[in-house]
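Chain and residue survey
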Amino acid sequence: MEGATMFPPVLGGPPVLTPHTRGFIMLLVAAVTYLNYPTVDPRGRVTLVPESQIQPSYDFIVVGAGSAGCVVASRLSENPNWTVFLLEAGGDETAQTDVPLLTRDLYGTQYDWNYTTVPQPNACRATNGVCNWPKGRVLGGTSVLSDNMYVRGNRRDYDMWAARGNPGWSYNEILPYFRLSEDNETPKYRADRLYHGVGGYLTVGISPYLTPLANAFVTAGEQMGYRNIDFNAANQTGFMIPEATIRNGTRCSTAKAFLRPARNRPNLIVSYYSTVTRILIGEVNKTAYGVQFLRNGTYYTVYATKEVIVCAGSTNSPQLLLLSGVGPEQQLKSLNIPVYANLPVGQNLQDHAGVPLFFLVNQSVTITRRVYESGMAIFDYAMEVSSPLSDPLATETIGFLNSPYANPNIDYPDVEMLMCTSLPNHFNELQLFYIVVLTLHPKSVGNITLASSNPFQAPLIDPGYFSVPSDYPMLVTATKMAYNISQTPALQAYNSTLFMPLYPQCNSLPPLSETFWTCLVTNYSTTVFHVGGTCRMGPSSDPTAVVDPHLRVHNITGLRVIDASIMPIVVSGNTNAAIIMIGERGSAFIYQDYNVRNPTPAT
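All of these numbers come straight from a predicted model, not from anything done at the bench.

Rules behind the numbers
- Residues numbered from 1 in each chain as written.
- Predicted model: local features only at pLDDT ≥ 70, side-chain atom pairs only at ≥ 80, totals over all residues.
- Heavy atoms only, no water.
- Disulfide = S-S within 2.5 Å.
- Buried < 20%, exposed > 50% of the residue type's maximum accessible area, 1.4 Å probe, protein only.
- Phe/Tyr/Trp six-rings, centres within 6.5 Å; stacked < 30°, edge-to-face > 60°.
- Helix = DSSP H or I, 4+ residues; strand = E, 2+ residues; numbered from the N terminus.
- Patch = residues over 30% accessible without salt bridge, like charges linked within 9 Å, V, L, I, M, F, W, Y side chains within 5 Å.
- Areas by Shrake-Rupley, 256 points an atom, 1.4 Å probe, with all protein chains shown as cover.
- Salt bridge = Lys/Arg side-chain N within 4 Å of Asp/Glu carboxyl O.
- Contact = heavy atoms within 4.5 Å.
- Arc of directions from axis to C-beta.
- Polar contact = N/O pair within 3.5 Å; in protein donor to acceptor, adjacent residues only side chain to side chain.
- Axes fitted to C-alpha atoms, helices over the stretch in contact; angles between N-to-C directions.
- Parallel < 35°, antiparallel > 145°, perpendicular 65-115°, else oblique.
- Nonpolar A, V, L, I, M, F, W, Y, C, P; charged D, E, K, R; others polar.
- Pairing = 2+ DSSP bridges.
- Lys, Arg positive; Asp, Glu negative; His and termini not counted.
- pLDDT = per-residue confidence, 0-100.
- Core = buried A, V, L, I, M, F, W, Y, C linked by side-chain atoms within 4.5 Å.

It is worth spelling out the state of the cysteines at this point. This model, assessed by the stated rule, comprises two disulfides. Two residues, Cys124 and Cys131, share a disulfide whose sulfurs are 2.1 Å apart. Because the sign of the S-S torsion sets the handedness, a value of about 110 degrees for the bond joining Cys124 and Cys131 places this disulfide among the right-handed ones. For the pair shown, Cys124 and Cys131 are each scored as buried. Note that Cys506 is cross-linked by a disulfide to Cys519, the S-S spacing being 2.0 Å. Because the torsion about its S-S bond is -85 degrees, the bridge between Cys506 and Cys519 counts as left-handed.

Structure follows, in C-alpha cells:
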C-alpha cells in the first residue's frame, strides 16, 4: 500500500518532491531572496577561507560546525590571542534551509549525511528493520535538520551526571550556561531571569504562526490532569506551546546564532566542504597535534599548537576517534588501525525511539500543502509576517507526562509527546495531525562501529532499540496514552479519529487492541533525533568513560570531545538546547584549563 512509504518522509527519510513542490520551493527561494533575505541576518554570512590562505597551524582546530562546534569556535575566538580553525564537511545554509516548516524536505539532500541503521529486529519493520538516521551536513549541523524545539531536559538528568563523578555538571552549575546563550523573546518567559537569558546569541521564542490545535492540545493536557507550564523552568511535567530557536520567523541555527556574529574576527578561520579523515596523534607522547582533511579533492594537514576539539556529533565523533586509533583495542586491531588509547568509543549509544500516531479531524485547522504552498504564505513568510512556513515543523505543543511506570511523587516524567499539525507527504491534503510519542528513559543502548578503515564509508549504526525487553511495553503504554489524549473533549471537538490507512502493517488487526499497539511500536518506531552518549563523560576510574569532566579524552593529551556524545545519560527531551549548553560549558572549561580570562563568563 502507498501508506507504507510515508513514514520515512515524516520521521527520517528523504521526501518525494513532485514537480509542483519543486516549483513551490523555487518560488519561495526567489521571493525570500528578492524581498528581504539580506536583512534576515544583517551581519552577513560566514567567509570561506581560500585554500591558498590555509595556514600550517592554529591554536585550536575544531572539527564539526554543528550544534556544539559553532558555539565552541565562536566562544574560543572571543579571545583575540587564540587562533581557531573550524572545519565542516558540508556547505553553508540557504534560503531553503531557513524555512522552519520544511525541515523534512532537507532529508536525503546535500544537507544530510543520509545515514541508516543496521537492521533492527524490534523496530522500523515497516522499512525492513532499517531506520533512517538524519544528521546535518551543513554549517549548523543537525540544528539545521532538527525541529528547532528549545527543550533543556530535566534537572535530575544533570544532577545524575554530576553524581556519576562529573563535577561541574549539576543542574545548578549548568543553568548559567543555558542563560548565557539565550536571547528569549517570549515576554512571559523572558521576565523570568532565574531560568531565562536575554541578550545571548541564540534567539528563542514561540512561533509567530499557530493553528487552533495548539491551544486545543494544551487544553487536552489540562483535561488529562496536567498543567500548562514552562518546562524549561522549575518543573518539567506538563504541557506547553513550545519555544523554538527561530528568528524573525526563520530558523536560528547555531551557525546563524554563533558564527555569523563572529565572521569578521581575524582569528576565526572557517573551512567548509572540508572532511576530516584523521586526527594526528603522536605514537610516543600520545598527544593530538593536528588533523588531515580533504577539500576539493586535495588533502591538507594542519597542526594544532594547543588542542584538537572534536564536535562532530554522536555518530561522527566516535567514527573519527576510531579512525584515528582511539577506541576499543580489538575493533581497531581487526581493521589494522594503530591503537593510541583503548577506550570504549562508540559504546553507550542512546536514543529515544518514537512512534507517530496520525489523526483525522473534521475542520480545516491543520497546515495542509494547500495552505503552506500558497502565494500568500510565501509572501507573508518573505516579509517576516506570520506565515505557516514559520511554524517549526508544525510542532505546536509538547507534553511531558507520567506513565504508570513513573514515580508520581517527583518531577521526572518518562513520556514525551510532540503534537504536530502538518504532514510533509502525499497525505497532506487531508486534515491530519500527528502525535509523536516517545519514552524518555529507555534502558536499551546501542553502538557505533567502523565498517572499515575507509573514512568515507558510513559507520555501522546500531541503536539497539528494545534490546532490553522492558522498553517494549513501556513504549506500548506511552502510545496508548497518546491515543487517550486524542479522546479528550478538547480534541473530540474536532472529531479526532485515528487514521488507519497510514498503518498498512497493522490495520488488519483489531483496532486499539493490544496486538495493534504492539504492531505499531514494532513496525513504525524510529529515531526522533535524541541521540547521545557515544563518547561518554566520566572520571578516569569509570571504565565506560571516554572523556573526563572537562571533556578531555582519557589518556590522550590535546584532544577533547564537545558535543552530545559526551552525555552519560541522554537528557529527558529534545537534545539541541542541551548540546548548545555543552558547547558553552566545554568552552568555559578550556578557558579555565589554560588559566585565561573568559571574555563572556556565565552568570
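There's more to say after this.
Another aspect to go through is the packing of aromatic side chains. Enumeration over the complete set of coordinates arrives at 29 aromatic pairs. With a centroid separation of 5.8 Å and 85 degrees between ring planes, the pair formed by Phe60 and Tyr594 is classed as edge-to-face. Highlighted residues: Phe60 in strand β1 (residues 57-63) and Tyr594 in the segment after α17 (576-593), separated in sequence by 534 residues. Judged by its relative accessible area of 0%, Phe60 is buried. Aromatic side chains Phe358 and Tyr434 sit 5.2 Å apart centroid to centroid with 35 degrees between the ring planes, which places their arrangement in the tilted category. Note that Phe358 is positioned in strand β17 (residues 353-360) and Tyr434 in strand β20 (residues 432-439), a separation of 76 residues in sequence.

For the rest of this paragraph, the subject is a nonpolar patch on the surface. Residues Met376, Phe379, Met383 and Val385 make up a contiguous nonpolar surface patch of roughly 390 Å² in combined accessible area. With respect to the helices and strands, the residue Phe379 is situated in helix α13 (residues 375-382).

As a further point, take the environment of Phe85. Along the chain, Phe85 falls in strand β2 (residues 84-87). Using a relative accessible area of 0% as the deciding quantity, one classes Phe85 as buried. As for Phe85 and Val62, which are separated by 23 residues in sequence, their C-alpha atoms are 6.1 Å apart. When sequence neighbours within four positions are dropped, the list of residues in contact with Phe85 reads Val49, Ile54, Tyr58, Phe60, Ile61, Val62, Ile269, Ser271, Phe293 and Val302.

This brings us to helix α5 (residues 155-163). All of the buried residues in α5 are Asp157, Tyr158 and Trp161. In an axial view of α5, the angular spread of the buried residues amounts to 90 degrees, which keeps them on one side of the axis. Turning to α5, the residues buried within the fold contact α6 (171-181) and α17. Two or three places before Arg156, at the start of α5, stands the capping residue Asn154, its side-chain oxygen 2.8 Å from that residue's backbone nitrogen. Two residues or fewer past α5, Gly165 is found with a positive phi of approximately 95 degrees.

The next point concerns the packing of helix α14 (residues 471-486) against helix α16 (residues 514-524). Their axes nearest at 9 Å, the elements α14 and α16 cross at an angle of 110 degrees. Judged by the angle between their axes, α14 and α16 are roughly perpendicular. Only Glu514, Trp517, Thr518, Leu520, Val521 and Thr522 of α16 make contact with α14, whose side of the interface consists of Tyr472, Leu475, Val476, Thr479, Lys480 and Tyr483. Taken together, the residues that form the contact of α14 with α16 break down as seven nonpolar, three polar and two charged.

On to the sheet that holds strand β5 (residues 182-184), then. Backbone hydrogen bonds hold the strands of a sheet together, and the pairing may be parallel or antiparallel. Read from one edge to the other, the open sheet built from three strands follows the order β5-β6-β8, with strand pairing classed as mixed. The open sheet terminates on both sides in strands that have one partner only, identified here as β5 and β8 (243-244). Of the pairings in the sheet, the one linking β5 to strand β6 (residues 202-206) comprises three bridges and is parallel in character. If you follow Asp183 over to β6, its bridge partner there is Thr203. In the packing of α6 onto the sheet, contacts are made with β5 and β6, and the angle to β5 comes to roughly 65 degrees.

Our focus in this paragraph is the side chain of Arg251. If you trace the backbone, Arg251 turns up in strand β10 (residues 250-251). Summary of buried charges: Arg251 has no salt-bridge partner, and the nearest side chain of opposite charge, Glu93, is 5.4 Å away. At 3.0 Å, the side chain of Arg251 forms a polar contact with the backbone oxygen of Ser143.

If pLDDT is low for a region, its predicted coordinates should not be looked at in detail. Predicted confidence across the protein gives a mean pLDDT of 93, with 93% of residues reaching 70 or more. Note that residues 1-14 has pLDDT below 50 and, in this model, 47 contacts with residues that lie over four places away or in other chains.

Generally speaking, nonpolar side chains in soluble globular proteins are found buried as a group. Phe85 and Trp169 are the most contacted members of the largest nonpolar core, which totals 98 residues. No other element matches α17, which puts 10 residues into this core. Aside from chain neighbours lying at most four places away, what touches Trp169 is Tyr158, Trp161, Ala162, Ile174, Met537, Pro549, Leu551, Ile566, Met581, Ile582, Arg585 and Phe589. Among the nonpolar cores identified, the runner-up in size contains 75 residues, and Met149, Phe359, Val437 and Leu498 belong to it.

Taken as a whole and assessed by the stated rule, the structure comprises 16 salt bridges. For Asp548, the salt bridge is made with Arg552, and the minimal N-O distance between the two is 2.8 Å. Residue Arg552 is classed as partly exposed on the basis of its relative accessible area, which comes to 34%. A network of salt bridges, in which partner residues are shared, links Glu307, Asp548, Arg552, Arg560 and Asp593.

Topologically, Trp517 is positioned in helix α16. Between the C-alpha atom of Trp517 and that of Ala478, which follows or precedes it by 39 residues, the distance is 9.9 Å. Apart from residues no more than four positions distant in its own chain, Trp517 is found in contact with Leu357, Val476, Thr479, Lys480, Tyr483, Leu498 and Leu512. A polar side-chain atom of Trp517 sits 3.2 Å from the main-chain carbonyl oxygen of Leu512.

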